[in-house]
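# Structural characterization, general
Listed below are the residues making up each chain.
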Amino acid sequence: MQVHKYDVVIVGAGGAGMRAAIEAGQRSRTAVLTKIYPTRSHTGAAQGGMCAALANVEEDNWEWHTFDTIKGGDYLVDQDAAEVMAKEAIDAVLDLEKMGLPFNRTPEGRIDQRRFGGHTRDHGKSPVRRACYAADRTGHMILQTLYQNCVKHNVEFYNEYYVLDLIMTEVDGVRRPSGVVSYDLASGEIHVFQAKSIVFASGGCGKIFKTTSNAHTLTGDGMAIALRSGLPLEDMEFVQFHPTGLAGLGILVSEAARGEGGILRNSEGERFMERYAPTIKDLAPRDIVARSMANEVREGRGCGPNKDYVLLDLTHLEPAHIDAKLPDITEFARTYLGVEPYTEPVPVFPTAHYAMGGIPTNIEAEVFRNSEETIPGLYAAGEVACVSVHGSNRLGTNSLLDINVFGRRAGIQAAQYAATAEFLPIPDDATERTEALLELMRSGHGEEKVGVLRKELQDVMDADMQVFRTAKTIHSALDKIAELEDRYTRIAIQDQGKRFNLDLLEAVELGFLLELAKVMAVAALHREESRGGHFREDFPDRDDENFMKHSMAYLDPEAETDSVAGIRLETKPVIFTRYEPMERKY
Ligand SMILES: Cc1cc2nc3c(=O)[nH]c(=O)nc-3n(C[C@H](O)[C@H](O)[C@H](O)COP(=O)(O)OP(=O)(O)OC[C@H]3O[C@@H](n4cnc5c(N)ncnc54)[C@H](O)[C@@H]3O)c2cc1C
């Protein structure tokens, strides 16, 4: 076992991790651990844009942006966080520009902006142009720009190092983070990283679902590690289903397609969003559009041989405009569905896209150990975290913003804390849990296969935990998860080697997915209301009296949450500043 010592250790090299590293790297000795090569992180797949009220092409201000974010999140947003994000958005975009990011420009040379769902002028009057973009490769440009700047600031990267555990050291009866345990894919060796500050920026968990826009690696590792270390996860019942995944595949077609004028139509050729959101139509927030699409299909107005998708119509746009603004996503339609977007509408259906929940933090990115107290030296930012700036439904382009604003804050806070803190001793048994886990996976002689179990989990989550949920479907998902957890104890992996053993790590990742799926289902069962991305057909209304609060889920062997053993649910108040909850109409 090797031990490394850094002031700040950052887990994850996506947008959040690298934005944090740029700040921490200028102030302290910083290492970034990442399970994939940094520029392969999912941030690089982001397409449509990053919003900020620059008002470059029309009137706009950060207060309207704050309001849209809070209303978009169906009032479960912590309003202090939304204010910080909307205010700091402007500098976040300008910082990236100064670092070298090639944004699209207006003819006058200013950063161009386009429309996106839920972003409006003057509290919902009409769509506003707020998203800054680089064609439909905005995330790619952000990731490359941040990586280059990390290199400039001497950030040290440990690529293909999988973090598998958080080390806690007891100080005066309180458990405090002192490092992480990681597995080096190339050698199969365990490395311990001792650190004064640790930042989790390990991204989302979309691979819980079968139909998803997320990359193969998004298995919620950071969330599951936090949970296993006794920390809570906040608002895990809220998953965003993006309206426009390529039908049957889930590959994303950015909302920028509708921002640039694309229209959704049912089998009758009707622009059905006019019925569901009369003011902003196809540019309503994602939860509303996704549910409307699913409803059209349910009521028999779906398209195709099985009537199971709707159409995204771009045929009225000029081909030159499509090529300039939406080159990649239209190419996806050609490549994967054989559809020519210039002349044919594109088959689309909702796809699991984003986890609104995650590791709870305050606006300084400090992690909560319970509903009141934070833990010194532990931070989280990006999709792994829940600040909670997206509440129960995130607006498009607010995540690339979130990772920049709260990634930056996490990096600054982590370095400031490390400047005065001491290293905590690493306990002798720090790697025991990880070694036992790996040994269990390696020595299994059972008949179960990782790929089979993962597929069965994803199938049941698609069937029972998607856009529409009821107590019955959630119980069905929980029963299946319990069965899969049992079978997981009897898995066997084929590769017994030490080097590049992805078989082994996929087995570990499956354990993370199963645990998170269970937390998601338990939290969904207990939220007997419909809000944002969580729609309960048996409780179709929002219930502010009983459920205007965040859920906090803990692993607890003693706990019995209804019939589900091992998960304890508590709550945390929503932070209000200026906005009273209103009916959510668009
Ligand atoms: C197809 C697609 C398009 C999108 N388009 C947009 C858009 O236009 N606008 C917008 O605002 N949002 C968009 N999003 C959402 C947004 O891109 C993501 O939410 C955001 O980029 C997440 O950034 P992150 O830094 O938190 O995580 P990621 O970029 O996912 O990075 C996670 C990092 O953590 C590392 N990691 C994970 N587990 C471990 C482990 N166990 N050990 C070590 N390292 C680990 C990975 O190696 C990786 O470096 C899109 C998402 C997708 C999937």
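Residues numbered from 1 in each chain as written. Predicted model: local features only at pLDDT ≥ 70, side-chain atom pairs only at ≥ 80, totals over all residues. Heavy atoms only, no water.

### As for the UniProt feature "active site" (unreviewed entry) in the protein
As recorded in UniProt, the feature "active site" (unreviewed entry) lies at R286. One can find R286 in helix α8 (residues 286-298). By relative accessible area, R286 is classed as buried at 5%. Setting aside its immediate chain neighbours within four residues, R286 contacts F116, Q240, F241, H242, P243, E255, H353, N393, R394 and G396. (UniProt positions renumbered as here; feature names shortened; annotations may be inferred. Helix = DSSP H or I, 4+ residues; strand = E, 2+ residues; numbered from the N terminus. Buried < 20%, exposed > 50% of the residue type's maximum accessible area, 1.4 Å probe, protein only. Contact = heavy atoms within 4.5 Å.)

### Focus: the nonpolar core
Counting 86 residues, the largest nonpolar core has F200 and M461 as its most contacted members. When residues in this core are grouped by element, the largest group, 16 residues, is from helix α15 (residues 502-526). Not counting residues up to four positions away in its chain, the partners in contact with F200 are V11, L166, G222, I225, I359, L378, Y379, A380, A381 and V384. Among the nonpolar cores identified, the runner-up in size contains 61 residues, and A21, M99, V199 and V389 belong to it. (Core = buried A, V, L, I, M, F, W, Y, C linked by side-chain atoms within 4.5 Å.)

### Points about helix α12 (residues 432-443)
With twelve residues, α12 extends 16 Å between its outermost C-alpha atoms, agreeing within 8% with the 16 Å of an ideal straight helix rising 1.5 Å per residue. Within α12 the residues assigned to the buried category are T434, L437, L438 and M441. Taken down its axis, α12 places every buried residue within 95 degrees of arc, on the same side. Facing away from the buried side of α12 by over 90 degrees, the exposed positions are E432 and L440. On its buried face, α12 is in contact with β7 (161-171), β8 (174-184), β9 (190-200), α5 (221-228), α14 (471-488) and α15. (Expected span 1.5 Å × (residues − 1). Arc of directions from axis to C-beta.)

### Structural notes on the packing of α12 against α15
Between two packed helices, the angle of one axis relative to the other and the distance separating the axes together describe the packing. At their nearest, the axes of α12 and α15 sit 10 Å apart, and the two run at 115 degrees to each other. Between α12 and α15, the interaxial angle falls into the category roughly perpendicular. Where α12 crosses over α15, the two elements pack in a sense that is right-handed. Where α12 abuts α15, its residues L437, L438, M441 and R442 lie against L504, A507 and V508. For the contact of α12 with α15, the residue count by class is six nonpolar, no polar and one charged. (Axes fitted to C-alpha atoms, helices over the stretch in contact; angles between N-to-C directions. Parallel < 35°, antiparallel > 145°, perpendicular 65-115°, else oblique. Left-handed = near helix turned anticlockwise from the far one by under 90°. Nonpolar A, V, L, I, M, F, W, Y, C, P; charged D, E, K, R; others polar.)

### A closer look at the pattern of salt bridges
Side-chain pairs of opposite charge can arise where the charged atoms are in close proximity. As enumerated under the stated definition, the model contains 58 salt bridges in all. Close ionic contact of R542 with D74 constitutes a salt bridge, the shortest N to O distance being 2.7 Å. You can see R542 sitting in the loop between α15 and α16 (544-547) and its partner D74 sitting in the loop between α2 (62-72) and α3 (79-99), a full 468 residues away along the chain. Given the relative accessible area of 24%, R542 is considered partly exposed. Where E97 meets R105, a salt bridge forms, and the shortest distance between an N and an O atom there is 2.9 Å. On the basis of relative accessibility, which here comes to 28%, the residue E97 falls in the partly exposed class. (Salt bridge = Lys/Arg side-chain N within 4 Å of Asp/Glu carboxyl O.)

### A short note on the site of the ligand
By nearness alone, 39 residues border the ligand, and T34, S41, H42, T43 and G48 come closest of all. Contact between the ligand and T43: an oxygen atom at 2.5 Å from a side-chain N or O atom of the residue. Protein coverage of the free-state accessible area of the ligand, which is 1,000 Å², stands at 97%. Counting residues per element, the ones that place at least two in the shell around the ligand are α1 (15-27), β2 (30-34), β7, β14 (346-355) and α11 (398-420). Ranked by residues supplied to the shell around the ligand, first place goes to α11 with four residues. Tallied by class, the residues present in the shell around the ligand amount to 16 nonpolar, 19 polar and four charged. (Near = heavy atom within 4 Å. Polar contact = N/O pair within 3.5 Å; in protein donor to acceptor, adjacent residues only side chain to side chain. Areas by Shrake-Rupley, 256 points an atom, 1.4 Å probe, with all protein chains shown as cover.)

### Notes on the packing of aromatic side chains
Counted by the stated rule, this structure contains twelve aromatic pairs. Aromatic ring contacts, followed pair by pair, group Y6, Y158, Y161 and F193 into a single cluster. Between the NZ or CZ atom of R394 and the centre of the ring of Y354, over which it lies, the distance is 4.1 Å. (Phe/Tyr/Trp six-rings, centres within 6.5 Å; stacked < 30°, edge-to-face > 60°. Lys NZ or Arg CZ within 6 Å of the ring centre and 35° of its normal.)

### A look at the sheet that holds strand β3 (residues 50-51)
Within the open sheet, the three strands sit side by side as β3-β5-β4. Their pairing is antiparallel. Two strands in the sheet have a free side with no partner beyond their single neighbour: β3 and β4 (113-121). Across five bridges, β4 lies against strand β5 (residues 126-132) in antiparallel orientation. When the sheet's bridge partners are listed, T120 is paired in β5 with P127. (Pairing = 2+ DSSP bridges.)

### Considering unusual backbone geometry
That bond from V387 to S388 is cis: its omega, -5 degrees, falls within 30 degrees of zero. For S388, the position within the fold is in the loop between β18 (385-386) and α11. Look at D74: it is not a glycine, yet its phi comes out positive at around 55 degrees. By relative accessible area, D74 is classed as buried at 6%. Notably, K281 is not glycine yet its phi reads approximately 50 degrees, a positive angle. On the secondary structure map, K281 appears in the loop between α7 (273-276) and α8.

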